[in-house]
Amino acid sequence: QVQVVESGGGLVQPGGSLRLSCAASGSSFTFNRYIMGWYRHAPGKERELVASITSGGITNYADSVKGRFTISRDGAKNTVYLQMNSLKPEDTARYYCNARWVAVRLDVWGQGTLVTVSS
């Protein structure tokens with residue numbers, strides 16, 4: 001069974017930076033089969049895709065984070081990262097890691113990590 005575990009959230013001032021990590025693991029887990037993504041859910045809002053990355057390194061970003069956030073993955077560590085710079089109060093949310101194996105329609109979600117941007 002595949003699982004993903006997020007880390008790296010916390011409280012940061014506006015303009016600051018954080019790096020989120022998501023470690024994936026499981027029996028017979030093959031990292032390259034999965035598109036990895038970060039989503040966020042803020043109170044009163046719908047969950048939204050923040051960024052995703054394929055095994056080939058193709059990335060996709062929400063317009064609201066382009067130029068500020070960078071997603072990357074490390075196949076040797078089965079880990080995906082989200083570097084968040086120039087953080088704004090509106091980035092405050094719980095951030096969730098997602099592993100998606102499109103061929104078998106498998107979605108795996110983590111428990112989330114809370115990011116709070118406030119002075």
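That block above? That's the structure.
So, a few notes on the structure that sits alongside this text. Only a predicted model underlies this, so the values are computations on that prediction, with no experimental measurement involved. (Residues numbered from 1 in each chain as written. Predicted model: local features only at pLDDT ≥ 70, side-chain atom pairs only at ≥ 80, totals over all residues. Heavy atoms only, no water.)

## Quick look at the state of the cysteines
So, step 1. Inspection of every chain in the model, using the stated rule, returns one disulfide.
So, step 2. Across the disulfide from Cys22 sits Cys97; the S-S distance is 2.0 Å. On the sign convention where negative means left-handed, the S-S torsion of about -75 degrees between Cys22 and Cys97 marks this disulfide as left-handed. Highlighted residues: Cys22 in strand E3 (residues 18–25) and Cys97 in strand E9 (residues 93–101), separated in sequence by 75 residues.
So, step 3. Since its relative accessible area comes to 0%, Cys97 is described here as buried. (Disulfide = S-S within 2.5 Å. Helix = DSSP H or I, 4+ residues; strand = E, 2+ residues; numbered from the N terminus. Buried < 20%, exposed > 50% of the residue type's maximum accessible area, 1.4 Å probe, protein only.)

## Things to note about the pairing of strand E7 (residues 69–74)
So, step 1. Burial along E7 is one-sided: the residues Phe69, Ile71 and Arg73 are buried and none of Thr70, Ser72 and Asp74 is.
So, step 2. Sheet topology note: the E7/strand E8 (residues 79–84) ladder contains six bridges and is antiparallel. When the sheet's bridge partners are listed, Ser72 is paired in E8 with Tyr81.
So, step 3. Linking E7 to E8, which pair antiparallel, is a turn of four residues; within it Asn78 sits at a positive phi near 50 degrees. (Pairing = 2+ DSSP bridges.)

Taken by themselves, the reported measurements are silent on function.
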